[in-house]
Amino acid sequence: MTANGSASIKWAVAIAVALAFLLAYPLRFVLLPFVFAGALAYVARPMVNLLRRRWGLPHWGAALVPFLLFLGILSAIGYVVESMLIPQLAEMVNNAPLMAEKFLENLFDRFHLTNVQIFGQTLSAKMAADELVNALKQAAGANALVAIGGGIGAMMGCVITVVLMGFLLFTGPALAHGALWLVPPDLRPRVRNIVVEIDPMLGNYLRGVLVIVLFAAAVTYVVTGLIFHVPHAIFLALAVGLLETIPVIGPILSFIAFGLVAVHQKGMGLIIAFGVFAIVLRLTIDQLVGPLVLGRAARIPAIVVIFAFLVGGATYGLLGVILAIPIAATIKIVLTDLYEGPPGPEPLSEEP
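Small disclaimer: the values here were computed from a predicted structure and weren't measured.

Draft legend 1. Quick look at the overall build of the protein chain. Scanning the protein chain for helices and strands turns up twelve helices and two strands. Secondary structure elements of the protein chain, listed N to C terminal, follow the sequence α-α-α-α-β-β-α-α-α-α-α-α-α-α. Taking all contacts inside the protein chain whose residues are at least 6 apart in sequence as the whole, residues at least 24 apart take part in 73%. Total accessible area on the protein chain stands at roughly 21300 Å², and carbon and sulfur atoms take up 75% of it.

Draft legend 2. How the structure looks around helix 2 (residues 28-55). The end-to-end C-alpha separation of helix 2 is 40 Å, in line with the 40 Å expected for 28 residues at 1.5 Å each. Approximately 40° is the largest bend angle found in helix 2, and it occurs at Ala 44, with the proline Pro 46 only one to four residues beyond. Within helix 2 the residues assigned to the buried category are Arg 28, Leu 32, Pro 33, Val 35, Ala 37, Ala 41, Tyr 42, Ala 44, Arg 45, Val 48, Asn 49 and Leu 51. Of the residues one or two after helix 2, Gly 56 is the one with positive phi, at around 70°.

Draft legend 3. How the structure looks around helix 12 (residues 318-340). Helix length check: helix 12 (23 residues) gives 34 Å between terminal C-alpha atoms against 33 Å at 1.5 Å per residue, within 8%. The principal kink in helix 12, of about 45°, is found at Ala 324, preceding the proline Pro 326 by one to four residues. All of the buried residues in helix 12 are Leu 319, Gly 320, Val 321, Ala 324, Ile 325, Pro 326, Ala 328, Ala 329, Ile 333 and Asp 337.

Draft legend 4. A look at the pattern of salt bridges. The tally for this structure, following the rule as stated, stands at three salt bridges. Between Arg 45 and Asp 199 there is a salt bridge, and its shortest N-O distance comes to 2.8 Å. With Arg 45 in helix 2 and Asp 199 in helix 7 (residues 188-227), this pair connects stretches of sequence that are 154 residues apart. No difference in accessibility class separates Arg 45 from Asp 199, as the two residues are buried. Its salt-bridge partner being Arg 282, residue Asp 286 comes within 3.1 Å of it at the nearest N-O pair. Separated by four residues within a single helix, Asp 286 and Arg 282 lie in helix 10 (residues 268-294), roughly one turn from each other. Given a relative accessible area of 12%, Arg 282 falls into the buried group.

Here is what the cut-offs are and how they apply
Residues numbered from 1 in each chain as written. Predicted model: local features only at pLDDT ≥ 70, side-chain atom pairs only at ≥ 80, totals over all residues. Heavy atoms only, no water. Helix = DSSP H or I, 4+ residues; strand = E, 2+ residues; numbered from the N terminus. Contact = heavy atoms within 4.5 Å. Areas by Shrake-Rupley, 256 points an atom, 1.4 Å probe, with all protein chains shown as cover. Expected span 1.5 Å × (residues − 1). Bend = angle between axes of the 7 residues up to and from the residue. Buried < 20%, exposed > 50% of the residue type's maximum accessible area, 1.4 Å probe, protein only. Salt bridge = Lys/Arg side-chain N within 4 Å of Asp/Glu carboxyl O.

Here it is in C-alpha cells:
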C-alpha cells in the first residue's frame, strides 16, 4: 500500500473516532446498558477463562456459569430490596417530619441557636422542619410523572443490561475478532499490541472499582449499623459505596454524608468517633485497598483524573463519569505507543 493510501486510512480512522465521540452525546442514555453489560462481562471474563483452562469446558459452558451466578446474585439483591430496603424506605417516608425536626433540633443545639432567619421569617426547628418537608412533598408531587418514567426506564435498562451481558459473555470472542476485522489490515498488528496493553489495565480497573465499592459499603454498614446503631444504616452504606465510583467528588460527598449523620447523633464522643471512622475509611481505601486492587489502572496523575472526570461528566453526564478514567488511561496507552513505538510482540489473551 502506498504512503498516501496509508495516510488516508489513518485519517479515515481518526475521523471515525471523532464521529464516535460526537454521536456518543445524543446516544448517551442508549449506550448506558451496553457500558454496564460490557463491564459486567469483562469482570466475569477471568472466571470464563479459568473454567475453560481448568475443566476444559467449551466457551458457552464456561460463560453459562458466571451468567447463572449473576442471575442468582441479582435475585438475592431483589429479595433484599423487597424484604429490607422497601420497608425501611416506607418507614423513613412516614417518619420524615419527625426525623427532620430531630435533625434540625440537634443542629440548632450544636450551634446554640433557638431560631433562624430564612427569607425574613423567624423559624424554630419544628417550623423549619415543617417547611422542609412541605417543600420536598411539593417537589415530589411536581416530578411524580418524571420519577415514574425514570423508574420504568431504569427497569427496562436493567432487563436490557442482563440480556446484553449474556450476549457478550457467549459471543465475546467472535465480537472481538469482528471488531479487529474492521481495522485496516496494515494497522491490525499495531492495534493488537495496543489492545494487549489496554486489556489488563481495563480489567484491573473494573474489578478494582467493584472491590472498592463492596468494601466501602460493607465496612460502612458494619460500623454504622452494627456498632454505632445508626437507623437505616444500609442506605448510608449503599450511598458511600456507590459514591466510590465517582473520583474526587465521591469521597467529598461521603464525608458530607458522614457529617450529616454525625450531627444527628447525641454526644460529642459519637461525633468524634464518626469523624475518626470516616478518616480511617478514606485512608484505608486510598492507601491500601485502592492501590492493591487497581494496580496499573491507578497509575494516572491525579490532575488527569480530575480533568477527565469533570470533562466526562459535563459533556456526557453519567456515561462520561463512568468512562472518564478508562478512556483517559486508554488515551495514555495509545499516545505512549505512538510516541515511543510499539512494544515487542506479545500474544493476546484468550479473549481480546
